[in-house]
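Descriptive structure summary
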Amino acid sequence: MTRIAFLLAAVVVVAGAVASIAPASGHADGEAAPIFVTKIPPGYRDWELVSVAHEAGNLNDIRAILANDVGIKAYREGKLPFPEGTIIARIAWNYVSSEENNKIFGREQSFVAGSATASYLQFMVKDSKKYAATGGWGYAQFDKDGKPAGDAPLKTCFPCHQAIKDRGFVFTRYSP
């Protein structure tokens, strides 16, 4: 009985070792990593504010741009390129007129964050090795329910960000 238990334990150890060195499903050795981030970074709502923005035109949204500790330090120090481990978040809401505030002011002048936009959450993750094909940045987009956008909308990220390569591929400037 002891020999059977020992044999079973040995089989489990060997199987675990083989599984840990085998390539991940769908990625053969030497194959490039995907350029898209598939999970929402935990704790992003507690990150510090980098800036806010209003996008007019078809988007007509209001945004908060946040960064993790690594990113906020780089922003404050004006450090380019952004260091490994930087994560920048963008949260967007529809930009709407506040009827309640406008009644008080007597004219239309107050605008607030409304409902979440279709592209509610976006992230840029700096990992120069994993995302070498896209300037060292991985991109992500999620709706208000945390559902990822899929590949099609994300394929436009890097081509647009290439235009600001000299700023580390990042549009938003720090607002102290």
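Our structure is the block above this text.
All of these numbers come straight from a predicted model, not from anything done at the bench.

**Here's the deal with the overall build of the protein**
If you tally the helices and strands in the protein, you get 5 helices and 5 strands. Sequence-ordered secondary structure for the protein, helices as α and strands as β, is α-β-β-α-β-α-β-β-α-α. For the protein, the proportion of its 176 residues judged to be buried stands at 31%. When contacts within the protein are restricted to residue pairs at least 6 apart in sequence, those whose partners lie at least 24 apart make up 51%. As presented, the protein carries roughly 11,400 Å² of accessible surface, and 58% of it is formed by carbon and sulfur atoms.

**Describing the nonpolar core**
With 17 residues, the main nonpolar core has Tyr-75, Phe-82, Ile-88, Trp-137, Tyr-139 and Val-170 as its most contacted residues. Of all the secondary-structure elements, those providing two or more residues to this core are strand S2 (61-67), helix H2 (69-77), strand S5 (137-142) and helix H5 (157-161). Among the elements that make up this core, the one with the highest residue count is H2 (3 residues).

**Concerning the environment of Leu-121**
Inspection of the secondary structure puts Leu-121 in strand S4 (residues 111-126). Put simply, Leu-121 and Ala-64 are 57 residues apart on the chain and 10.0 Å apart in space, counted from C-alpha to C-alpha. Ignoring sequence-local partners within four residues, the contact set of Leu-121 consists of Ile-40, Tyr-44, Arg-90, Ile-91, Ala-140, Gln-141 and Phe-142.

**Focus on the sheet that holds S5**
One open sheet accounts for 5 strands, arranged S1-S2-S3-S4-S5; its pairing is antiparallel. Edge positions in the sheet fall to strand S1 (48-55) and S5, since each of these pairs with one other strand and no more. With strand direction ignored, the average angle separating the axes of adjacent strands in the sheet is 20°. The pairing of S1 with S2 spans 7 bridges and is classified as antiparallel. Among the inter-strand pairings, His-54 is bridged to a residue of S2, identified as Ile-62.

**A word on H2**
For an α-helix the count is 3.6 residues per turn, leaving residues at separations of three or four pointing the same way. Looking at H2, one finds that the buried residues are Gly-71, Ile-72, Ala-74 and Tyr-75. End-on view of H2: buried residues confined to an arc of 160°, all on one side of the axis. Exposed positions of H2 whose direction lies more than 90 degrees from the buried face are Asp-69 and Glu-77. Packing partners of the buried residues in H2 comprise S1, S2 and strand S3 (87-97). The positive-phi residue at the C-terminal boundary of H2 is Gly-78, with phi of around 65°.

**Here we look at the pairing of S3**
Relative to S3, S2 runs antiparallel, the two being bridged by 7 bridges. Bridge assignment links Asp-61 to a residue of S3, and that residue is Asn-94. Judged from the 9 bridges that link them, S3 and S4 form a sheet pairing that is antiparallel. Residue Ala-89 lies in a different strand from S4, and its bridge partner there is Phe-123.

**Observations regarding the side chain of Asp-61**
By secondary structure assignment, the location of Asp-61 is in strand S2. Looking at Asp-61, its side chain comes within polar contact range of the side chain of Arg-63, at 2.8 Å. Among residues more than four places away in sequence, those in contact with Asp-61 are Ala-53, His-54, Glu-55, Ala-92, Trp-93, Asn-94, Tyr-95 and Thr-117.

Quick notes on the rules
Residues numbered from 1 in each chain as written. Predicted model: local features only at pLDDT ≥ 70, side-chain atom pairs only at ≥ 80, totals over all residues. Heavy atoms only, no water. Helix = DSSP H or I, 4+ residues; strand = E, 2+ residues; numbered from the N terminus. Buried < 20%, exposed > 50% of the residue type's maximum accessible area, 1.4 Å probe, protein only. Contact = heavy atoms within 4.5 Å. Areas by Shrake-Rupley, 256 points an atom, 1.4 Å probe, with all protein chains shown as cover. Core = buried A, V, L, I, M, F, W, Y, C linked by side-chain atoms within 4.5 Å. Pairing = 2+ DSSP bridges. Axes fitted to C-alpha atoms, helices over the stretch in contact; angles between N-to-C directions. Arc of directions from axis to C-beta. Polar contact = N/O pair within 3.5 Å; in protein donor to acceptor, adjacent residues only side chain to side chain.

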